[in-house]
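Descriptive analysis of the structure
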Amino acid sequence: MQHAIPPRGRTELQTWNPPGYDYRAVLGSSLFVAGACFLLVYLDPMRYGEFLGTIGVLLSATVGVVPTLIWLTSAPSLPRWHFLTVLLGIAAVWSAANLNDNHEIRTLPTPERHFVDVTTLDEATIEWLHHRQPAQETRSPIPVVLVAAEGGGIRAAYFTAQVLAAIQTRCPAFAHHLLLISGVSGGSLGAAMFAGSLDAKPVADPLVCGEAPFALPSDESGLNVDVDAALSADLLAPLTAAFLFTDSIQRFLPFAIPAWDRARTLEFASERAFQRVTGSSFLEHSIYGYWQPHRDVPLLMLNTTRVATGERVVVSPVLPLNEKFNRLLSLADLASSTDVRIGTAAILSARFTYITPAGTLPLSPRERLVDGGYFENSGAATLTEAIDVVQEAAATANIPIRLIVIRIGNSPSTLASATDRSPSPAKESSASPALGELLSPLRTLINTREARGQLAEAQLRTKVFSIQENGIIADLIEFQIGLSDVQIPLGWQLSESARQELRGQLVPKADCSSRTGFHNGCAVADVVGYLQDALLTTDTVEPAG
């Protein structure tokens, strides 16, 4: 039996309800659920997200919000002007006036810090090399490892950390000769967690390389286990909870509540996950204060993009003040009195699209930074320029070096495989993309970003090859996630099967001489072999502390 909807203007809600259906009870229950969920997220979004999981968070938001939205859009008791439209208009006004921008980055209470207190990369390199000079006066080159870590959400973070941990497990000397990591987006988070693992578990014997067998995270110790456990945490659910509840309510308020920022929730979740596994608060340390040249913890150069100009901006304990860098700014250049945590810097490098919002700097006028992948997602552009600075610094100090350059790719490729299957050619569609006129500008922007990354990777290879052609020993080792039957997402949560697939791709095959394309297990063996070869002729000084 059909029930006629009363004309607009009737004020009693029960006349609108079908017989036997009490919409007031449903609406009241919905508002109660929404209020309870909001309170729980307000108190502890990490624990709320971890308890319910992403699906549970979405369901709780659906139960708490959808009945209310239906009532706002359908109830005849409301006036002719649409209440929801007015709410959205108010949110737009507050946003236009920047009154509800609660995405200002977390800072540390060090207002007296100025960028002149931070050393430059060439000065840091010279200090670092002096602590690794041979004990005897030999002219053997010192191995210097430089890494570029591509972005791509949690899979990039996990793959970056696992690649570096796999090398470190087989060659403890790796950390002693790892100078810097240029990271983007998820690659920045993986690099930060690997550096934190080295800080939490200093290398016992930094002169040993290649004696330990290859190990996957199955034991109860080791860096592989640490990074696996830290990055197996569900970072997506707390982020989703903050996005759906506190940060959504913030849009309708004419003042900012920084604690409701969903990007901060992602920072807190990653910091908590790392501390729970390692017992270390490394990610909460100052980005400017953690690095010392005599310790075996690498320099982090975490790439972001400046919204106002589209330029690269790095957050790092060193400044790139050198003509070798092409228009590369640092956070200290933009905000000389702003000090941030390592975890904040890593997530600032990973603020992509609307999932994690642009980070606002505490400046007037406002400056905003977003994911480094907007400019170039591989991290290779910054590393290519850093190579020139490192070479120049070594020449200034009159210390011979041997460069070992590592590029860790993230985008799954048919050229990389964990098996002996021949790589299949990439499939190209002969049909024209749908909605070409409407979506072509957007597709062009996305594809230009990818093409710029591929160009930066090619320039990195060209740089290393040109060094080799000049008679200088330099090595380039590339890692790339291989295609498989297991889907490895770009989000902020990895399943056990996805993590197992990425770990499995680091197992070396029996005969690496017969490999085709990329083989990550063989690439690990290559890095270890290059370091062994370099260390045979270099008696390094054991570091202090």
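In this report, the structure presented in the accompanying data block is examined. (Residues numbered from 1 in each chain as written. Predicted model: local features only at pLDDT ≥ 70, side-chain atom pairs only at ≥ 80, totals over all residues. Heavy atoms only, no water.)

Digging into the state of the cysteines
Disulfides are covalent bonds that connect the sulfur atoms of two cysteines. For clarity, the cut-off: Here, a disulfide means two cysteine sulfur atoms that sit within 2.5 Å of each other. A run of DSSP states H or I qualifies as a helix once it reaches four residues; a run of E qualifies as a strand once it reaches two. Both are numbered from the N-terminal end.
By the definition in use, this model includes 2 disulfides. Linked covalently through their sulfurs, C171 and C209 form a disulfide whose S-S length is 2.0 Å. Here the S-S torsion is close to -115°, and the disulfide linking C171 with C209 is therefore left-handed. Of the two residues, C171 sits in the loop between α5 (153-170) and α6 (173-177) while C209 sits in the loop between α7 (186-200) and α8 (223-231), which places them 38 residues apart along the sequence.

Things to note about the pairing of strand β3 (residues 299-306)
Put simply, the rule is: Exposure categories follow from relative accessible area, calculated using a 1.4 Å probe and restricted to protein chains: below 20% of the type maximum is buried, above 50% is exposed, and the middle band is partly exposed. Any two strands with at least two DSSP-identified bridges between them are counted as paired.
The buried fraction of β3 is high, at 8 of 8 residues. What you see with β3 is no split at all: L299, M301, N303 and T305 on one side and L300, L302, T304 and R306 on the other are buried throughout. As paired strands, strand β2 (residues 178-184) and β3 are joined by 5 bridges and run parallel to one another. When the bridges of β3 are listed, S182 appears paired with M301. One ladder, built from 4 bridges, connects β3 with strand β4 (residues 312-315); its direction is antiparallel. In the strand pairing of β4, T305 is matched with R312. Hairpin remark: β3 followed by β4, antiparallel, with 5 residues in the connecting loop; positive phi at G310, about 80°.

Structural notes on the side chain of E367
Keep this limit in mind: Nitrogen and oxygen atoms within 3.5 Å of one another constitute a polar contact, given that in protein one can donate a hydrogen and the other can accept it, and given that sequence-neighbouring residues count only through two side-chain atoms. Should any heavy atoms of two residues lie within 4.5 Å, those residues are considered in contact.
Here E367 lies in strand β7 (residues 367-371). At a separation of 2.6 Å, a polar atom in the side chain of E367 contacts the side chain of R306. Residue contacts for E367: discarding those within four places in its chain leaves R306, A308, G359, T360 and L361.

Here's the deal with the packing of aromatic side chains
This is how the line gets drawn: Classification of ring pairs rests on two measures: the distance between centres of Phe, Tyr or Trp rings, Trp counted by its six-membered ring, which must be within 6.5 Å, and the angle between planes, read as stacked under 30 degrees, edge-to-face over 60 and tilted in between.
Summed over the entire model, instances satisfying the criterion amount to 6 aromatic pairs. Geometrically, the ring pair formed by F38 and W260 is edge-to-face, given 5.3 Å between the ring centres and 85° between the ring planes. Note that F38 is positioned in helix α1 (residues 23-43) and W260 in the loop between α10 (246-250) and α11 (262-278), a separation of 222 residues in sequence. By relative accessible area, F38 is classed as partly exposed at 23%. Geometrically, the ring pair formed by F282 and Y290 is edge-to-face, given 5.5 Å between the ring centres and 80° between the ring planes.

A look at the packing of α5 against helix α16 (residues 496-504)
This is how the line gets drawn: Axis lines are fitted through C-alpha atoms, for helices just across the contact stretch, and the angle between N-to-C directions can take any value from 0 to 180 degrees. Here is the rule for angles: anything less than 35 degrees is roughly parallel, anything more than 145 is roughly antiparallel, 65 through 115 is roughly perpendicular, and the remaining ranges are oblique. It is the rotation of the near helix from the far one that decides the hand of a crossing: anticlockwise by less than a right angle makes it left-handed, clockwise makes it right-handed. Under the convention adopted here, Pro, Cys and the residues Ala, Val, Leu, Ile, Met, Phe, Trp and Tyr are nonpolar, Asp, Glu, Lys and Arg are charged, and Gly plus all remaining residues are polar.
Running from N to C, α5 and α16 cross one another at 40°; their axes reach a closest spacing of 10 Å. Judged by the inter-axis angle, α5 sits oblique to α16. Two packed elements cross with a definite hand, and for α5 against α16 that hand is right-handed. In this structure, α5 uses R155, Y158, F159 and Q162 to contact α16, whose residues at the interface are R499, L502 and R503. Its residues assigned to classes, the contact of α5 with α16 shows 3 nonpolar, 1 polar and 3 charged.

Concerning the layout of surface pockets
Let me state the cut-off plainly: In this analysis the probe radius is 1.4 Å and the grid spacing 1 Å, with only protein atoms considered; a cavity is a set of points the probe fits into but cannot get out of, a pocket is an open set with protein on both sides within 12 Å along at least five of seven lines, and lining residues have an atom within 4 Å of a point. Grid points are joined across faces, edges and corners, and a volume is the space filled by probe spheres set on the points.
Taken as a whole, the largest pocket spans an internal volume of roughly 800 Å³. Around the largest pocket sit 31 residues that line it, and E150, N377, N410, S411 and R449 are the ones nearest its centre. Broken down by element, the residue count for the lining of the largest pocket peaks at 6 residues, all from helix α15 (residues 436-469). Counted by class, the lining of the largest pocket contains 9 nonpolar, 14 polar and 8 charged residues.

A closer look at the nonpolar core
Test applied: What is meant by a nonpolar core is a set of buried Ala, Val, Leu, Ile, Met, Phe, Trp, Tyr and Cys residues, joined one to another through side-chain atoms within 4.5 Å.
Core analysis: the largest hydrophobic core is formed by 118 residues, its most contacted members being F174, L403, I406 and F479. Take this core: its biggest share by element is 10 residues, from α5. Look past the residues within four positions of L403 in its chain and what remains in contact with it is V144, L146, I387, V390, Q391, I467, I473, A474 and D475. Judged by nonpolar contacts, the second largest core, of 7 residues, contains C37, V57, A241 and F245.

Concerning helix α17 (residues 520-535)
Applied cut-off: Multiplying 1.5 Å by the helix residue count minus one yields the expected span of that helix.
Taking 1.5 Å per residue, 16 residues should reach 22 Å; α17 reaches 23 Å between its end C-alpha atoms and fits that length. Within α17, burial applies to N520, G521, C522, A523, V524, V527, V528, L531, A534 and L535. Elements in contact with the buried residues of α17: β1 (142-149), α5, α6, β8 (401-408) and β9 (474-479).

Details of the pattern of salt bridges
Our working rule: Every case where a carboxyl oxygen of Asp or Glu lies within 4 Å of a side-chain nitrogen of Lys or Arg is listed as a salt bridge.
Going through the model one piece at a time under the given rule, you end up with 27 salt bridges. Between R366 and D101 there is a salt bridge, and its shortest N-O distance comes to 3.1 Å. Taken together, the residues R366 in the loop between β6 (359-361) and β7 and D101 in the loop between α3 (83-96) and α4 (121-130) connect sequence positions 265 residues apart. Take D101: its relative accessible area is 13%, and that puts it in the buried class. Across the pair K463 and D388 runs a salt bridge, and its minimum N-O distance is 2.8 Å. Taken together, the positions of K463 in helix α15 and D388 in helix α14 (residues 380-397) put the pair 75 residues apart, joining distant regions of the chain. Each of R106, E267, E271 and R351 takes part in a single network of salt bridges with overlapping partners.

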